[in-house]
Amino acid sequence: MEIPPDRLPPDVLTRVIEEFVTREGTDYGHGEWSLEQKVADVRRMLRRGEAKLTFDPETETVNIVPANTQA
């Protein structure tokens, strides 16, 4: 199930994005990115529709996926 990012309070959205970008295996390529840079990048992708928030009611988990991925 897709969740529009603007349906979450700003602080909750930030925590969801922070959790996502700090997961083991998240790849940002070469170079070092600060947490703030990673959060801003994902927030920008959500605003542009390049990524989307999804909720799995079975596992009660939220994820951020590329927009062309099925929820």
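Since the structure is predicted, the reported quantities are computational estimates derived from the model, not experimental observations.

Draft legend 1. Region of interest: the nonpolar core. Membership of the largest hydrophobic core is limited to 12 residues, which are Ile 3, Leu 13, Val 16, Ile 17, Phe 20, Val 21, Val 39, Val 42, Leu 46, Ala 51, Leu 53 and Ile 64. Taken together, the elements giving at least two residues each to this core come down to helix H1 (10-21), helix H2 (35-48) and strand E2 (51-56). By residue number, the principal contributor to this core is H1, which donates 5 residues. The residues touching Val 39, leaving out its near neighbours within four places in the chain, are Ile 17, Glu 18 and Val 21.

Draft legend 2. Focus on the packing of H1 against H2. Contact geometry for H1 and H2: axes closest at 9 Å, N-to-C directions at 115 degrees. It follows that H1 is roughly perpendicular to H2 by the angle criterion. With respect to the hand of their crossing, H1 and H2 are arranged in right-handed fashion. Residues Leu 13, Thr 14, Ile 17, Glu 18, Phe 20 and Val 21 of H1 form the contact with H2, whose own contacting residues are Leu 35, Lys 38, Val 39, Val 42, Arg 43 and Leu 46. Considering only residue class, the contact of H1 with H2 consists of 8 nonpolar, 1 polar and 3 charged.

Draft legend 3. Region of the structure containing the pairing of E2. By the bridge criterion, 2 bridges tie strand E1 (residues 2-3) to E2 in an arrangement that is antiparallel. Bridge pairing links Glu 2 to Thr 54 in E2. As paired elements, E2 and strand E3 (residues 61-66) share 6 bridges and run antiparallel to each other. Of the residues in E3, the one forming a bridge with Ala 51 is Pro 66. Adjacent in sequence and paired antiparallel, E2 and E3 are bridged by 4 residues, among which Glu 60 carries a positive phi angle near 55 degrees.

Draft legend 4. Representation of the sheet that holds E3. Pairing in this open sheet of 3 strands is antiparallel, and the strands run E1-E2-E3 from one edge to the other. Each edge of the open sheet is held by one strand with a lone partner, namely E1 and E3. Across the sheet, H1 touches E2 and E3, and the angle it forms with E3 is around 70 degrees. The strands touched by H2 within the sheet are E2 and E3, with E2 carrying the most contacts at an inclination of about 90 degrees.

Quick notes on the rules
Residues numbered from 1 in each chain as written. Predicted model: local features only at pLDDT ≥ 70, side-chain atom pairs only at ≥ 80, totals over all residues. Heavy atoms only, no water. Core = buried A, V, L, I, M, F, W, Y, C linked by side-chain atoms within 4.5 Å. Buried < 20%, exposed > 50% of the residue type's maximum accessible area, 1.4 Å probe, protein only. Helix = DSSP H or I, 4+ residues; strand = E, 2+ residues; numbered from the N terminus. Contact = heavy atoms within 4.5 Å. Axes fitted to C-alpha atoms, helices over the stretch in contact; angles between N-to-C directions. Parallel < 35°, antiparallel > 145°, perpendicular 65-115°, else oblique. Left-handed = near helix turned anticlockwise from the far one by under 90°. Nonpolar A, V, L, I, M, F, W, Y, C, P; charged D, E, K, R; others polar. Pairing = 2+ DSSP bridges.

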